[in-house]
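# Descriptive analysis of the structure
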Amino acid sequence: MLEVEGLEAAYGDSQILFGVDLAVGQGEVVTLLGRNGMGKTTTIKSIMGLLKPRAGRVRVEGRDLTGAPPYRIARGGLGLVPEGRQVFPTLSVEENLVATAASRFGKARWTLETVYALFPRLKERQRNMGNQLSGGEQQMLAIGRALMTNPKLVILDEATEGLAPLIRQEIWDCLKQLKREGEAILVIDKNVDALAGFADRHVILEKGKVVWRGDSAALMADPVLKDRYLHV
Amino acid sequence: MAEPALELRDLNKAYGALTVTDHVSLALPDGEFHAIIGPNGAGKTTLIHQISGVVPSDSGSVWLGGRDVTGLSLPERVHRGLVRSFQITSILPGFSALENVALAVQAREGSSFRFFGRAREEARLNDQAIEALEEVGLGKRAGIRAGLLSHGEKRQLEIAIALAARPRVLLLDEPLAGTGPEESAVLIALMQRLRGRMTILLIEHDMEAVFALAERVSVLVYGRIIASGTPAAVRDDPDVRTAYLGEEGG
Amino acid sequence: MTMPPENGPGFLKREAVPVLLFALLALVPFAAVLGAESYLLSLVTRVMIFAIAALSLDLILGYGALVSFGHAAFLGLGGYAVGILSAHGQTDALVQLPVALAVSALFALITGALSLRTKGVYFIMITLAFGQMAFFLAVSLAAYGGDDGMTLPGRSRLFGMELIKNDRAFYYAVLLALLGAYGLCRSIVVSRFGRVIRGARENPQRMAAIGFPLFRYQLVGYVIAGTLCGLAGFLLANQAEFVSPAYMTWQRSGELIVMVVLGGLGTLHGAIIGAAAFLLLEEWLSGFTEHWKMIFGPFLVLVVLFARGGLMGAIRRIGGGGHG
Amino acid sequence: MSMTLLYVQTLNGLQLGVLLFLIAAGLTLVFGVMDFINLAHGVQYMIGAYLAAMFTALTGNFFYGLALALPSALAFGLLLEFLIFRHLYDRDHLDQVLATFGIILFLNQAVKVVWGAAPLSVPIPEALSGSIRLMDGLLYPVYRLAIIGSGLAIAVLLGVLVSRTRIGMLVRAGASNAPMVSALGVDIGKLFMVVFGFGAMLAGFAGAMVAPILSVEPGMGDNLLILTFVVIVIGGIGSVRGAFIAAILVGLVDTLGRVFGPQVLRALMDPSAASQVGRALAPMLTYILMAAILFFRPGGLFPAKK
């Protein structure tokens, strides 16, 4: 589905990624873990073409899209829920969902109805402007917006960052449901325990390099791992 | 009791319906090395912007050595001794390292409404600048164009610029962001040397650095300070582990 | 990379371009004796006057990255100060020049204070609008010729004497003014003040964070530039013995920008070369065809798309010399 | 001052406002979505007028002329975008200013070569000639009413387009966060071409509509362009709604100021001084208005970004 090989990226002369390898298969949930500043968001930006990679390959379903403009990568089947949510402030909730909606691969799984069913709260606020929402609602909107492009792989960059515990739980429940429905997901988060419950595989980044990869059982079995790479 | 060097009283900031900082209060006694940690989106950078005067607060006040500086602009706060660095390297790439620092000296002392004389050759400014550069270990690189310095050296330069402004309170916004291991080590040693010489408020993700440097640590989550204390106390605080590390239910 | 000492043996080499430039300008009247004296003198006088205007713009555009699109207004203000005072019988430069400069400075202070509150595209459009405001003001001055402009009774006097009536004397007066303006700008650029302005071009946020309230410095820079351009306006009115709203059309402001960029941003002698290049090119092309703008327009587009750094950039690339 | 004069001048102001809006609408979106400063937008207006004059002369019918001028103006705008503008999007504002300035120099001269230096005139179409009595003693030319009417109709249409359609949503989204729109699968370059072409056509339409009442001449778009900038700055870059309100405001202030400024002053000072001062002040009114609005709202009335 998504294959990333030897990805290197830099802002100006400060290199952030030093050869990241990553793969997400059909219907698979993969997490990208690591402390802040280790290059997780940069990895996502490089995958999406928002940052031109210095080296390496990004393939979506076997097609090489390295260095392609973001819209072509998105059309390849990636739906981005960006860090900081970035909902469109001057569009209403419904417009945020509809504006970039698409169904590029046959019949649309996600429509206004199904997204509203997933997030009833959004339906209540459909006439509100993007900047009139709380943080949690903005996050739901950003997820709904990505789903409306009917992607093959949803990428969530810090989707629960800065949210209250109850709202977080709601977001995770939603991810679980997406997984049950066969959606492939690449998720960045720091809440290892919550993710370990339903993610298939994990990748840990440390200073721009992959330092560990494995399944949930292996991750949970090794407490040293968590303390070393993820914790305070 | 002596006035705190820096005091935040009930700072608030919201963008639309989104609360970014939520009743933040904090007092740093003179000479303390204090660190703020917290997840992305917790409002750390906004808080630094509010303290330094880049972003106006919705309510609350900032006090510097017992004086209210809430209404002052960023440059005015610098003149009162409140100096900051930036998360994304912020230097003058076309100027030499020396001139980057000399400008900070120039801003601090004497008029800049002088239209004659070569500023670059003013020994009074350059001597102090050299001093600050040597302090951070860039003495030999003074003549290099700042844009040509390595990333780590740029971070050092930023600290030299801040030092040249003679801060009483120094705000460091993720000084280690984007640095490699060797570069980090140099910067951590530098911060170690600054400890106790001025009041320092550090925002940083590198936990090892934070716990090695800070005397006290505050944890910012959802724009609120949920814990504040010695590194050891904060590390073991169950609330911190739940809220920050996501260990729901312990 | 330490700077070479100011008066070392490298001085002539480093300063070759400006030294050569001014030597050339000083010799023009002698070459003019060979023929077509009045044509050449008046053309080069005009070049020098516009060079002063371009210099003043370079100060804020090249060194301060302030894309001011209303700079021609100051040409007009300086010119109209001469025209209006002359119309009321006040023909002495000792009165006219201070008034011309003061009016320009005041206009710069007011419009600058408003424009500098904004950034980027807004700044460009607002300076453009204020320039246009000055233009329409001149058009509406029916008592002073309105649309058609006004003819001056003669050149300004100095202590009641007609010192610059002679074209050659006027030429040297303008050369002196250009030299003075150039020297002043050079001094400002390397001074403490100039360093603040240049710093603001590179990174305004950094400058604010080390304690510079930039608005004040940029405003003073804007006023200096406007005042200096007012001087050019004073000279222009004297050369043509005529002022009209055409001095301050927005196209003229655009041409001033073109001069600065052609010569190379932030190189003061580049502004002089740019002014010369623009006016001589105009003169030369319009010798071929009245539609010279059809050649010049695309030329400009091509320069933007393919040649960065302007003519001085090209000279530097060929000569391999550096400039701080 | 008579009430009739006030009505007539208000209508004139409205007409100027509507024209300004037609030009400003495309320009403000181009600024907003691509952060691109396009000085050459005023020549689109001029080209529209020339095309209308040419096609009207060829077909002998203004409406056919208009119908042919619109797609031609669109095609011309797209051609410019393709040849030059798209290479300037990631350049700085100074480069954009210079290159589009070069385009103005070229086109203002080119129309002289193609259509001659003398102004062209277009007869007012038969169906819209004459005046209509709006009320007692108030006669107003039908054609000018047609301009106001069609302008307002387009404003409404554009409002619907921007607020109701997918393209409109994308344009608004793009004005606040273009990279995000792209990351969601929208080709922002193509979106921009659509906006640009449409904007060029609207400006061309404005030019075509005024062809019968103004003289069609080189440089006719230049001064209007500056007023359009004022409109955009007042309205807030990237906002169509802001552009509409600001355009009407500027149209009214400019027109009424010129006519009534001196009259108002006459009540305050002696007549000859009043008419002098009034005539000098009137053309500055618009700019004073702009300065005042910016003083309180540096981002304009309806800023599209945050």
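What counts, and at which threshold
Residues numbered from 1 in each chain as written. Chains lettered and ligands numbered in written order. Predicted model: local features only at pLDDT ≥ 70, side-chain atom pairs only at ≥ 80, totals over all residues. Heavy atoms only, no water. Patch = residues over 30% accessible without salt bridge, like charges linked within 9 Å, V, L, I, M, F, W, Y side chains within 5 Å. Areas by Shrake-Rupley, 256 points an atom, 1.4 Å probe, with all protein chains shown as cover. Salt bridge = Lys/Arg side-chain N within 4 Å of Asp/Glu carboxyl O. Helix = DSSP H or I, 4+ residues; strand = E, 2+ residues; numbered from the N terminus. Buried < 20%, exposed > 50% of the residue type's maximum accessible area, 1.4 Å probe, protein only. Contact = heavy atoms within 4.5 Å. Polar contact = N/O pair within 3.5 Å; in protein donor to acceptor, adjacent residues only side chain to side chain. Pairing = 2+ DSSP bridges. Axes fitted to C-alpha atoms, helices over the stretch in contact; angles between N-to-C directions. Left-handed = near helix turned anticlockwise from the far one by under 90°. Nonpolar A, V, L, I, M, F, W, Y, C, P; charged D, E, K, R; others polar. Core = buried A, V, L, I, M, F, W, Y, C linked by side-chain atoms within 4.5 Å. Domains from an automatic or database assignment. Buried area = accessible area lost by both parts, 1.4 Å probe.

This paragraph deals with a nonpolar patch on the surface. All names here are of chain C. Taken together, the side chains of Leu94, Val95, Val99, Val103, Phe159, Met161 and Leu163 define a hydrophobic patch exposed on the protein surface, amounting to about 590 Å² of accessible area. Note that valine 95 resides in helix 5 (residues 93-115). Among the residues examined, valine 95 registers a relative accessible area of 32% and is labelled partly exposed.

Okay, the interface of chain A and chain D next. The interface of chain A with chain D comprises 22 residues on the first partner and 18 residues on the second. Applying the counting rule to chain A against chain D returns 1 salt bridge. In this structure, Glu95(A) and Arg172(D) form a salt bridge, with 2.9 Å as the shortest nitrogen-oxygen distance. Put simply, chain A and chain D have 10 residue pairs in polar contact (both at pLDDT 80 or more) between them. Listing elements by their share of the side of chain A that touches chain D, those giving two or more residues are helix 2 (70-75), helix 3 (93-99) and helix 6 (135-147) of chain A.

All names here are of chain A. Strand order in this open sheet of 4 strands is 2-1-4-5, and the pairing throughout is antiparallel. Every other strand in the sheet has two partners, leaving strand 2 (14-24) and strand 5 (63-64) as the edge strands with one partner each. Note: strand 1 (residues 2-11) against strand 4 (residues 55-60), 5 bridges, orientation antiparallel. Its bridge partner lying in strand 4, glutamate 8 is registered against alanine 55. Packed onto the sheet, helix 1 (residues 40-48) meets strand 1, strand 2 and strand 4 and runs at close to 110° relative to strand 1.

It is worth spelling out the packing of helix 3 (residues 97-108) of chain B against helix 8 (residues 192-202) of chain C at this point. Across the interface, helix 3 of chain B lies against helix 8 of chain C with an axial gap of 11 Å and an inter-helix angle of 115°. For the crossing formed where helix 3 of chain B meets helix 8 of chain C, the hand is left-handed. Across the interface between the two elements, Glu99(B), Ala102(B), Leu103(B) and Gln106(B) from helix 3 of chain B touch Arg192(C), Phe193(C), Arg195(C), Val196(C) and Arg198(C) from helix 8 of chain C. Per-class residue counts for the contact of helix 3 of chain B with helix 8 of chain C are 4 nonpolar, 1 polar and 4 charged.

For soluble globular proteins, nonpolar side chains are generally found buried alongside one another. One finds Leu2(A), Ile47(A), Leu186(A), Leu157(B) and Phe85(D) to be the most contacted residues of the largest nonpolar core, which totals 303 residues. Residues from two domains meet in this core; each of domain 1 (1-81 + 167-250) and domain 2 (94-165) of chain B gives at least three. Counting residues in each nonpolar core, the second largest holds 44 residues, with Leu141(A), Leu163(A), Ile171(A) and Ile185(A) among its members.

Counting from both sides, the interface comprises 42 residues of chain C and, opposite them, 45 residues of chain D. Summed over both sides, the interface of chain C with chain D buries roughly 4,100 Å², with 80% coming from carbon and sulfur. If you look at where chain C meets chain D, you find 0 salt bridges. Applying the counting rule to chain C against chain D returns 8 residue pairs in polar contact (both at pLDDT 80 or more). Mapped onto the side of chain C that touches chain D, the elements with two or more residues apiece are helix 6 (120-140), helix 11 (250-263) and helix 13 (293-306) of chain C. Counting residues per element, the side of chain C that touches chain D draws most heavily on helix 6 of chain C, at 14 residues.

With that settled, consider the domain arrangement of chain B. Residue and element names in this part refer to chain B. Along its sequence, chain B is carved into domain 1 (1-81 + 167-250) and domain 2 (94-165). Its C-alpha centre places domain 1 at a distance of 26 Å from the equivalent point of domain 2. With 19 residues of domain 1 at the interface, the matching set in domain 2 holds 13 residues. In total, about 1,200 Å² of surface goes out of reach between domain 1 and domain 2, with carbon and sulfur atoms giving 62% of it. Taken together, the links from domain 1 to domain 2 amount to 1 salt bridge. In this structure, the salt-bridge partner of glutamate 135 is arginine 197, at a minimum N-O distance of 2.7 Å.

Residue and element names in this part refer to chain A. This structure, assessed with the given rule, holds 35 salt bridges over all chains. Among the ionic pairs, glutamate 61 bridges to lysine 152, the shortest N-O distance being 2.3 Å. Placement of the pair is glutamate 61 in the loop between strand 4 and strand 5 and lysine 152 in the loop between helix 6 and strand 7 (153-157), with a sequence separation of 91 residues. You can call glutamate 61 partly exposed: its relative accessible area is 38%. Counted as one network, the salt bridges with shared partners bring together Arg121, Arg125, Glu137 and Glu170.

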